[in-house]
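# Descriptive structure summary
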Amino acid sequence: MKKLFSIIVVVLFSIVAKAEVVLPRILGHNMVLQREKPVKIWGTAAVGEQVSVEFKGQHLKATGDRDGKWEIILSPMKASASPSAMIISGSNTIKLENILVGEVWICSGQSNMEFTMRKNSKMAKPDTSTANSPIDELDRAHNPLIRIFLVNRKEQVKPDPQHKGWNIAQDSALRVFSAPGYFFAKELQSKLGVPVGMISAAIPGSAIEPWIPANAYTSEFFKTYKVSTGGTSFFESMIRPLAPFGVKGFIWYQGETNCFQNETLEYSYKLETLINSWRAQWNDKSLPFYYTQIAPFYYSKSTDKYPLTKETLPKFWEAQQAVMKVPHTGMITTTDLIVTPDDLHPSFKWEIGRRLAQWPLAVDYRKKVTPTGPFFKSKKVKANSVVVSYNYASNGLLSHDGKELTQFEIAGADGVYHPAKAIIKGKKVIVSSDAVKKPANVRFGWNEGGKANLYNKEGYPAMPFRSDNPIVAQFKVSAK
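This one's a predicted model, so the numbers in the text were calculated from it and none came from an experiment.

## Let's talk about the side chain of Glu318
The topology assignment puts Glu318 in helix 10 (residues 312–322). Contacts of Glu318, omitting those with residues within four sequence positions, involve Trp446, Arg466, Asn469, Pro470 and Ile471.

Here you go:
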């Protein structure tokens with residue numbers, strides 16, 4: 001027995017002695033490191049092995065712990081478009097080339113976020129008279145200051161000996177990359193003038209639950225509402241392996257699958273849980289999280305096991321909007337970004353990315369831009385009309401097509417809504433109907449087909465709403 005034990009010890013020692021420095025797949029050539037934040041570089045090595053990291057004048061050392069894990073923390077750096085090399089040395093030496101410092105974002109969700117630039121290039125041109133159509137972006141994209149990393153759920157937990165996961169946003173690498181993610185990065189890079197790194201982790205058809213760790217459902221809501229998680233495979237294989245790579249924040253485009261399941265308030269809590277769990281994974285409660293209102297679609301025509309109506313989608317929009325009560329979040333409106341409500345995967349992904357970028361530009365980078373379209377703020381009943389006030393309408397409101405405002409309705413105490421006439425008065429809208437002498441509530445855009453014509457002067461459509469929205473009161477933000 002002692003002899004066998006000695007042999008095992010010798011074999012284990014031999015294995016450990018031959019261990020090399022290994023990096024996670026997210027660390028590689030061409031990557032962008034987050035500026036103005038401490039940046040962790042980590043990996044594995046032999047137990048007790050000393051590892052050194054050199055980058056842009058910083059030289060730090062770490063030692064493999066009892067599990068062979070090590071990490072160092074680079075001091076915050078200014079943005080830099082000058083390519084630099086990082087040298088990681090232990091029993092072996094790894095040299096990562098062409099590294100920039102700038103802004104790093106993660107984009108995630110289901111098929112409308114995964115929607116590739118190759119698919120984008122095959123869409124019908126929205127305006128054939130316009131030069132440099134976003135449909136043709138693949139033909140001219142070659143900005144070396146935009147870098148992309150596509151997460152492969154089967155490979156992300158494994159190291160890449162070639163360290164080739166990051167690419168300049170062009171050619172074959174860009175063809176299979178998220179179109180919303182790319183156009184988001186393009187807008188940021190254009191407006192900020194610094195390198196931008198975009199990490200895409202999206203799966204078509206995915207519900208929200210697999211993106212959330214199983215132990216994250218801790219809010220009071222989930223003590224009575226039991227979640228069938230269906231596994232946490234996407235979080236474990238695609239999100240957890242990215243941390244603690246330094247990022248500025250997240251963008252999210254998902255919800256169609258949960259809308260087909262006729263969810264409302266439960267989705268609000270699930271999305272809040274996802275946000276909190278991802279922030280916890282990066283140990284930063286204030287990481288920005290910006291997300292997309294799912295596009296108009298005829299959910300009422302669905303023949304799946306969940307009975308859906310024409311109100312299914314507007315109620316889901318309410319559930320999405322409620323999550324803006326969570327700090328450091330924001331949502332864009334997409335009611336105009338369709339050709340037909342029969343298409344679950346509409347084009348205009350370039351505009352999705354551009355609109356998503358307005359939130360960080362306005363909030364995190366302090367640019368003088370309006371981040372989204374008008375959001376319902378309050379209503380006031382005056383005689384036989386309702387006066388509606390809006391957020392994100394500081395420069396005024398307009399009818400996008402110059403015609404009378406559409407899709408406004410009001411209801412009296414009986415709760416029955418009737419079509420109404422709506423008139424813009426500066427930053428407010430006055431709504432009335434001959435069918436309702438004593439109005440109590442108002443709603444707008446309560447239509448799964450979208451295309452209402454109220455916009456702000458920045459050109460963004462107003463978010464659908466109803467003033468008697470129950471989710472506003474029901475959704476309680478968890479204390480974190």
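Past the structure itself, the notes keep going.
## Examining the pairing of strand 4 (residues 58–63)
Where strand 3 (residues 50–55) meets strand 4, six bridges bridge the pair, whose relative direction is antiparallel. Each residue of the ladder has a partner; that of Val53, found in strand 4, is Leu60. Connecting strand 3 to the next strand, strand 4, in antiparallel fashion are two residues, including Lys56 with a positive phi near 45°.

## Re the sheet that holds strand 21 (residues 441–444)
With respect to topology, four strands assemble into an open sheet ordered 18-17-21-23, the strand pairing being antiparallel. Two strands in the sheet have a free side with no partner beyond their single neighbour: strand 18 (417–419) and strand 23 (465–466). Sheet topology places strand 17 (residues 408–411) next to strand 18; three bridges connect them, and they run antiparallel. Counted as the bridge partner of Ile410 is His418 from strand 18.

## Here's the deal with the pairing of strand 8 (residues 146–150)
Across the five residues that make up strand 8, a large majority, four, are buried. Relative to strand 9 (residues 166–168), strand 8 is paired through three bridges, and the arrangement is antiparallel. Directly across from Arg147, in strand 9, lies its bridge partner Ile168.

## Here's the deal with the nonpolar core
Formed by 121 residues in total, the largest nonpolar core has its most connected members in Met86 and Phe245. When residues of this core are assigned to their parent elements, the largest contribution, nine residues, is made by strand 7 (residues 93–109). Excluding anything up to four places from it in sequence, Phe245 contacts Ile26, Leu27, Met31, Val32, Leu33, Trp42, Val104, Trp166, Ile199 and Trp282. In this structure, Val386, Val388, Tyr390 and Ala462 belong to the second largest nonpolar core, which totals 20 residues.

## Thoughts on the packing of aromatic side chains
Between two aromatic rings, the relevant description is the distance of the centres plus the angle of the planes. This structure, assessed with the given rule, holds 33 aromatic pairs. On the numbers, 4.7 Å between centres and 55° between planes, the contact of Phe260 with Tyr299 is tilted. Of this pair, Phe260 sits in helix 8 (residues 256–260) while Tyr299 sits in the loop between strand 12 (289–292) and helix 10, and the two are 39 residues apart along the sequence. The class for Tyr299 is buried, based on a relative accessible area of 0%.

Cut-offs applied
All residue numbers refer to position in the chain's written sequence, counted from 1. It should be noted that, the model being predicted, local features are given only for residues of pLDDT at least 70 and side-chain atom pairs only at 80 or more, the latter also being counted only at that level, while totals for whole chains, interfaces and linings use all residues. Side-chain metrics in this entry use all non-hydrogen atoms of the structure; hydrogen atoms and water are not considered. Strands are runs of DSSP state E lasting at least 2 residues, helices are runs of H or I lasting at least 4, and numbering of each runs from the N terminus. Contact between two residues is taken to exist if any of their heavy atoms lie within 4.5 Å; hydrogens are not considered. Here, a strand pair is defined by DSSP locating no fewer than two bridges between the strands. Only protein chains enter the accessibility calculation, which uses a 1.4 Å probe; a residue whose area is less than 20% of its type maximum is buried, one above 50% is exposed, and one in between is partly exposed. By nonpolar core we mean a set of buried residues, namely Ala, Val, Leu, Ile, Met, Phe, Trp, Tyr and Cys, connected to one another through side-chain atoms within 4.5 Å. Each Phe, Tyr or Trp ring (for Trp, its six-membered ring) is paired with any other whose centre lies within 6.5 Å, and the angle between the two planes then decides the class: stacked below 30 degrees, edge-to-face above 60, tilted in between.

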